Amino acid sequence: MSSWEAQLKASIDPVVQRSKTVDAVVVGSGVLQQDAPLLTSHFGATTAVLVADDRSFEAAGRQVDAALASADIAVTRQVYPAEPRLKASVENTAAIVEAVRRTGGLPVAVGSGVINDLTKHAAFQLGQPFFCVATAASMDGYASAGAPLSDRGFKHTIPCAPPRVMLADLDVLGKAPAEMSGWGYGDMAGKLPAGADWIVADALGIEAIDDVAWPLVQDNLRDWLSAPAAVAAGDPRAMGFLFAGLVLSGLAMEFHGSSRPASGADHQIAHLWEMEDVAFRGVPVSHGACVALGTLTVVSLYDWLQAQDLSGIDARAVVGNRASLAEEEAEIQRRFGAGTIAQRSVVETRAKHPSDAVLLARIDHIKAVWPALRDRLAEFLMPMDELRAMLDQAGVVTDPLQVGISRAHHRDSVLAARFIRRRYTILDLLNDLGLLDSAVESCFGTDGVWSPTDRPMRQTADGL
Ligand SMILES: [Zn+2]
């Protein structure tokens, strides 16, 4: 084991030991051959249901299948076509549930996002643990205690246990399509604005930073993001740290009991696009790409906010002019229509809408802490240009126009995102200060960072 592999193990093992749901995370070059022994030692399994799609079966499934067979473990295959892209839906878990019921085999997910989520939910329905062989460092959902699936058309995260054992062979991850590693990098970059949002909520006394979850995500984040070109090239070391970061983010959410450690306004914007089924040329835009774009958007708002002097804000005037709860609910109906998203948004918005007295006190508090808070944010965040260059190097999209999201749509999403979750973020801070419209106007105006004529597209639609 090389020194960096030992370092990787040292960062993962103590955290996994504290997890109530995950027993082992094995990351390294050539570790795929440990699949059969892990299956026997952690599950005592003698039969398995191998879940994959055509592509992940070629990437690792065939090897897993052969290794299990040679260890006298009977394997049933549930291999989905890779095209058209498999949907993360409750309906698609039925075949896995049926195969497990029929054979009594241990579910073994060989794949990334959708394969892992489908298997996770199938195992949960059966009240069983499962084993995951990762094939790409493409998202932070491997270790998360939930599966984002659509159920008869409505997408939500269904609580269910993560895999008991995860195996990530860096030779396999390194051969995944570069764009998939870029998605994982984009999801990881989202931990920057997510951290900034938590700093804000903490400074305002709304949601305290948790000493257990915060360091798991934030202490090594700069390291995990430090080699975007190596991630794009599939370098094993870069893949190892990226995968570790994604898994540790998942475990931080488990320890904290919510996704606050890993998700803020960046994910709210991404979730909106995912619920709208944003697709480019018929292919759904991945979670990681949506998060990368949400991340840059939120960082651009932080750049704007940090340049503001808040001392002149008249708190009474802001409270006098702000939208009432009834007006906010009317805005929700206008933006989302009458469906489930609107209904949920009303509940979430009611949960965080402050009374006049609370808002008045909050604005005075923000003004008092702003100089120190601004310094902390400046130290913690990086400017949007710097982050955009890193995401570019990692090969992930950096402008919503590249995936067919127009400026008007993008702008609407920024204004709508705060309604879908009660979690306090920069969008709420700006709204509380009466500055949300000015911030959006500035960023999306003719001289703004999201001006349609701001800069030439690096990648044309044809280049994707
Ligand atoms: Zn995510």
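Residues numbered from 1 in each chain as written. Predicted model: local features only at pLDDT ≥ 70, side-chain atom pairs only at ≥ 80, totals over all residues. Heavy atoms only, no water.

Observations concerning the side chain of aspartate 210
Within the secondary structure, aspartate 210 is located in the loop between α8 (191-203) and α9 (213-218). Buried and unpaired, aspartate 210 has arginine 18 as its nearest opposite-charge partner, separated by 8.2 Å. At 2.8 Å, the side chain of aspartate 210 forms a polar contact with the side chain of histidine 256. Not counting the four nearest positions on each side in its chain, aspartate 210 is found in contact with Trp198, Pro215 and His256. (Helix = DSSP H or I, 4+ residues; strand = E, 2+ residues; numbered from the N terminus. Buried < 20%, exposed > 50% of the residue type's maximum accessible area, 1.4 Å probe, protein only. Lys, Arg positive; Asp, Glu negative; His and termini not counted. Salt bridge = Lys/Arg side-chain N within 4 Å of Asp/Glu carboxyl O. Polar contact = N/O pair within 3.5 Å; in protein donor to acceptor, adjacent residues only side chain to side chain. Contact = heavy atoms within 4.5 Å.)

Thoughts on the confidence of the model for the protein
Low-confidence regions, as indicated by low pLDDT, have predicted coordinates that should not be scrutinised in detail. Looking at the protein, pLDDT values average 93 and 97% of them are 70 or higher. Below pLDDT 50 for its whole length, residues 458-464 participates in nine contacts with residues either more than four positions away or in separate chains. (pLDDT = per-residue confidence, 0-100.)

Here we look at helix α20 (residues 407-416)
Of the residues making up α20, those classed as buried are Arg407, His410, Ser413, Val414, Leu415 and Ala416. Packing partners of the buried residues in α20 comprise α13 (265-275), α14 (287-306), α16 (325-336), α21 (426-432) and α22 (436-444).

Considering the sheet that holds strand β1 (residues 24-28)
Reading across the sheet, the six strands line up as β1-β8-β5-β4-β2-β3 and stay open at both edges, with parallel pairing between neighbours. Because the sheet does not close on itself, it has two edges, and the strands there are β1 and β3 (74-80). Averaged over all adjacent pairs, the angle separating strand axes in this sheet is 15°, with direction ignored. Sheet analysis places strand β4 (residues 106-111) next to strand β5 (residues 131-134), joined by four bridges and oriented parallel. Considered in β5, the bridge of valine 108 is made with phenylalanine 131. Against the sheet, helix α3 (residues 54-70) contacts β2 (47-53), β3, β4 and β5, and its axis sits at roughly 160° relative to β2. Packing against the sheet, helix α5 (residues 113-126) makes contact with β2, β3, β4 and β5, and its axis sits at approximately 165° to β4. (Pairing = 2+ DSSP bridges. Axes fitted to C-alpha atoms, helices over the stretch in contact; angles between N-to-C directions.)

What to know about the domain arrangement of the protein
With domains assigned, the protein is organised as domain 1 (3-176) and domain 2 (179-210 + 259-463). Scanning the region where domain 1 abuts domain 2 turns up one salt bridge. When the shortest N-O distance is used, the salt bridge between aspartate 140 and lysine 191 registers 2.6 Å. Looking at the side of domain 1 that touches domain 2 element by element, the count peaks at three residues for strand β7 (residues 154-159). (Domains from an automatic or database assignment.)

Some details on the coordination of the zinc ion
Coordination of the zinc ion by the protein is provided by Asp187 (OD), Asp187 (OD), His267 (NE2) and His287 (NE2), with metal-donor distances spanning 2.1 to 2.7 Å. Taken together, the four donor atoms coordinating the zinc ion and their angles of 51 to 140° define a geometry best described as irregular. One chain supplies every donor for the zinc ion, spaced along it as D-x79-H-x19-H. Placement of aspartate 187 in helix α7 (residues 178-189) and of histidine 267 in helix α13 is noted, with a sequence separation of 80 residues between them. A relative accessible area of 4% means that histidine 267 is categorised as buried. (Donors = N, O, S within 2.8 Å, 3.2 Å for Na, K, Ca; no water. Tetrahedral: all angles 85-135°; square planar, octahedral: opposite > 155°, others 65-115°.)

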